[in-house]
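# Topology and contacts: notes
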Amino acid sequence: MSQILRVRHFATGKPLAVGLAAGRVTTVTDTADSPDGWIAPAFFDIQINGGSGVGFTNPTLQCENVAAVANICLAHGIGGFCPTVITAGFDTQVHAFSTLRTAAEQDPQLAERIPAFHLEGPYICPDDGPRGAHPKAHARNPDWDEFRKLQDAAGGRIRLVTLAPERPGALPFIDQLTAAGVVVSIGHTAATAAQIADAVKAGAKLSTHLGNGCHATLPRHDNYIWEQLANDSLTASLIADGHHLPPAVLKSFIRGKQSKRVILTCDAGTFAGSPPGVYSDWGTEVEVLPGGKIVLRGTPYLAGSGVFTDVCVSGAIRHGGVGLSEAIQMASVRPRALLGLPVPAVLVGSRGPFVLFDWQPGEDVRVRQVVG
């Protein structure tokens with residue numbers, strides 16, 4: 001089935017007539033017709049933990065649950081994402097990755113939408129604050145044999161690992177991951193400046209949700225946030241949902257990284273998109289507050305995000321000091337490039353997916369649909 005889209009290009013603002021057939025761009029021509037919305041590469045989020053009551057780190061996860069979350073993501077302009085498995089017992093993580101693998105193998109379209117998996121923990125700092133919502137009982141030291149078993153369960157699809165570089169054995173573990181083509185990210189950490197520098201030398205490339213998964217108070221100068229922000233070898237993922245980072249911090253981080261080293265993630269939690277209330281996630285009680293903020297019940301600690309990537313794109317534009325084109329780069333182009341995945345482009349011969357959306361200055365991005 002072919003179609004002609006009369007749209008405005010996200011980067012240039014030019015009105016175009018874009019022909020699509022079988023998921024590929026067949027024609028791109030200038031047009032005098034009034035554009036009906038905007039076109040951009042569909043969002044790709046490197047950290048989706050679940051949504052609407054489904055969590056991927058779940059001992060009873062089923063393939064249909066994976067497809068349900070992928071469909072929720074699609075409605076928010078997310079054409080691809082990394083299903084994220086967090087700190088848990090080994091058997092639970094094996095089950096999660098095995099189910100994700102089976103879901104991808106059974107459905108080629110779903111496989112295209114979840115081409116890479118993210119292991120966030122268990123090799124993280126066990127302290128309150130840096131640990132975030134991850135269960136302390138399962139935080140442990142890096143173990144290559146254990147990781148290989150998880151990778152086998154995932155069918156080789158684990159392409160991103162978040163860890164704390166101060167854990168014993170972390171540096172040789174980073175070496176091994178890097179040699180295996182897995183992107184290493186620093187996160188949920190209390191590392192010193194030297195430990196962060198050593199992790200980068202070993203191959204770490206990313207900071208996971210910089211500014212979150214941290215102690216509530218830190219030394220004003222000598223701390224792991226500044227060290228990661230200042231390191232030009234690290235890209236930073238940021239959660240621009242309006243809750244995880246205050247506007248001034250978000251803008252400062254984007255400026256500090258010069259935006260070209262920023263990736264937007266929503267870090268959608270199990271109960272993203274759920275109405276306000278108290279929920280239980282396998283023994284952990286979380287509360288969804290009005291406005292979508294999710295916390296561990298009775299604490300100030302965030303437990304993932306209650307929104308999806310489209311909200312974070314709007315947040316970056318509204319509060320991060322960037323324009324539409326730059327925000328789309330952060331949410332669509334750079335995460336794919338980080339993982340070595342193909343990047344859709346509005347060019348003849350390029351393959352989607354693309355997101356169609358409405359936007360004008362001062363307003364939020366409103367997703368219409370994902371095509372291609």
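Calculation criteria
Residues numbered from 1 in each chain as written. Predicted model: local features only at pLDDT ≥ 70, side-chain atom pairs only at ≥ 80, totals over all residues. Heavy atoms only, no water. Pairing = 2+ DSSP bridges. Helix = DSSP H or I, 4+ residues; strand = E, 2+ residues; numbered from the N terminus. Phe/Tyr/Trp six-rings, centres within 6.5 Å; stacked < 30°, edge-to-face > 60°. Buried < 20%, exposed > 50% of the residue type's maximum accessible area, 1.4 Å probe, protein only. Axes fitted to C-alpha atoms, helices over the stretch in contact; angles between N-to-C directions. Parallel < 35°, antiparallel > 145°, perpendicular 65-115°, else oblique. Contact = heavy atoms within 4.5 Å. Nonpolar A, V, L, I, M, F, W, Y, C, P; charged D, E, K, R; others polar. 1 Å grid on protein atoms, 1.4 Å probe; cavity = no way out; pocket = protein on both sides within 12 Å on 5 of 7 lines; lining within 4 Å. Points joined across faces, edges and corners; volume = space filled by probe spheres on them. Salt bridge = Lys/Arg side-chain N within 4 Å of Asp/Glu carboxyl O. Core = buried A, V, L, I, M, F, W, Y, C linked by side-chain atoms within 4.5 Å.

Take the sheet that holds strand β12 (residues 206-207) next. An order of β5-β8-β9-β10-β11-β12-β13-β14 is seen for the 8 strands of this open sheet, with the pairing classed as parallel. Bordering the open sheet on either side are β5 (43-48) and β14 (262-264), each of which pairs with just one other strand. In the sheet, strand β11 (residues 183-186) pairs with β12 via 2 bridges, with the strands oriented parallel. In the sheet register, Ile 186 faces β12, and the bridge partner there is Ser 207.

Okay, the packing of aromatic side chains next. Overall, the coordinates contain 9 aromatic pairs when judged by the stated rule. Arranged with centres 6.3 Å apart and planes meeting at 10°, the rings of Trp 38 and Phe 357 form a pair that is stacked. Of this pair, Trp 38 sits in strand β4 (residues 38-41) while Phe 357 sits in strand β18 (residues 354-358); the two residues are 319 residues apart in sequence, bridging distant segments of the chain. For the pair formed by Trp 38 and Phe 357, the shared burial category is buried. Between Tyr 123 and Phe 173, the ring centres sit 5.2 Å apart and the planes meet at 75°, which makes this aromatic pair edge-to-face. Taken together, the residues span a long stretch of sequence, with Tyr 123 in the loop between β9 (117-120) and α4 (144-153) and Phe 173 in helix α5 (residues 170-179) at a distance of 50 residues. Considered together, Tyr 123 and Phe 173 belong to a single accessibility category, that of buried residues.

Attention shifts here to the packing of helix α8 (residues 247-257) against helix α9 (residues 309-319). Where α8 meets α9, the closest approach of the two axes is 9 Å, and the angle between their N-to-C directions is 85°. Judged on the interaxial angle alone, α9 and α8 are roughly perpendicular. Contacts between α8 and α9 involve Pro 247, Leu 250 and Lys 251 on the former and, on the latter, Gly 315, Ala 316 and His 319. The residue inventory of the contact of α8 with α9, partitioned by class, reads 3 nonpolar, 2 polar and 1 charged.

A word on the sheet that holds strand β3 (residues 24-30). If you trace the 6 strands from one edge of the open sheet to the other, you get β3-β2-β1-β4-β18-β19, paired in mixed fashion. The sheet is open, and its two edges are formed by β3 and β19 (366-371), each paired on a single side. Ignoring strand direction, the axes of neighbouring strands in this sheet form an average angle of 40°. By the bridge criterion, 2 bridges tie strand β1 (residues 2-9) to β4 in an arrangement that is parallel. Each bridged residue has a counterpart across the sheet, and for His 9 the counterpart in β4 is Ile 39.

The subject of this paragraph is empty space enclosed by the protein. Inspection of the entire model under this criterion finds 2 cavities of 30 Å³ or more. Here the largest cavity is characterised by a volume of approximately 60 Å³. Lining the largest cavity are 14 residues, with Thr 208, Leu 210, Asn 212, Cys 214 and Gln 228 sitting closest to its centre. Broken down by element, the lining of the largest cavity gets its largest block of residues, 3 residues, from helix α7 (residues 224-230). Of the residues belonging to the lining of the largest cavity, the class tally is 5 nonpolar, 9 polar and no charged. What lines the second largest cavity is simply Ala 240, Gly 242, Leu 245, Pro 247, Leu 250, Gly 315 and His 319. Mapped onto the lining of the second largest cavity, the elements with two or more residues apiece are α8 and α9. A breakdown of the residues in the lining of the second largest cavity according to their chemical character gives 4 nonpolar, 3 polar and no charged.

Here we take up the pattern of salt bridges. Overall, the coordinates contain 14 salt bridges when judged by the stated rule. Asp 36 is the partner of Arg 368 in a salt bridge, and the nearest nitrogen-oxygen pair spans 2.9 Å. Taken together, the positions of Arg 368 in strand β19 and Asp 36 in the loop between β3 and β4 put the pair 332 residues apart, joining distant regions of the chain. According to the relative accessible area criterion, Arg 368 is partly exposed, its value standing at 41%. A salt bridge links Arg 297 to Glu 285; the nearest nitrogen and oxygen atoms lie 3.0 Å apart. Note that Arg 297 is positioned in the loop between β17 (294-296) and α9 and Glu 285 in strand β16 (residues 284-288), a separation of 12 residues in sequence. Glu 285 gets classed as partly exposed once you look at its relative accessible area, which sits at 40%. Through salt bridges that share partners, Asp 36, Asp 358 and Arg 368 make up one connected network.

Ranked by internal contacts, the top residues of the largest apolar core, which has 81 residues, are Ile 48, Phe 97, Phe 147, Ile 158, Leu 238, Val 313 and Phe 357. With near-sequence residues (within four places) excluded, Ile 48 lies in contact with Phe 56, Val 69, Cys 73, Ile 78, Phe 81, Cys 82, Pro 83, Thr 84, Cys 266 and Ala 268.

Of all 6 residues making up β5, 6 are buried, and the element is well covered by its neighbours. Strand direction decides the pairing type here: β5 and strand β8 (residues 78-86), joined by 4 bridges, are parallel. Within the sheet, the bridge partner assigned to Asp 45 lies in β8 and is Phe 81.

This paragraph deals with the side chain of Ser 185. Note on placement: Ser 185 falls in strand β11. Residue Ser 185 is classed as buried on the basis of its relative accessible area, which comes to 0%. When near neighbours in sequence (up to four residues on either side) are disregarded, Ser 185 contacts Leu 160, Val 161, Thr 162, Leu 163, Leu 206, Ser 207 and Thr 208.

Attention now moves to the layout of surface pockets. A volume near 550 Å³ is recorded for the second largest pocket. Of all the secondary structure elements, the ones that give two or more residues to the lining of the second largest pocket are β8, α3 (108-113) and β19. Looking at the lining of the second largest pocket residue by residue, the class counts come to 11 nonpolar, 6 polar and 4 charged.

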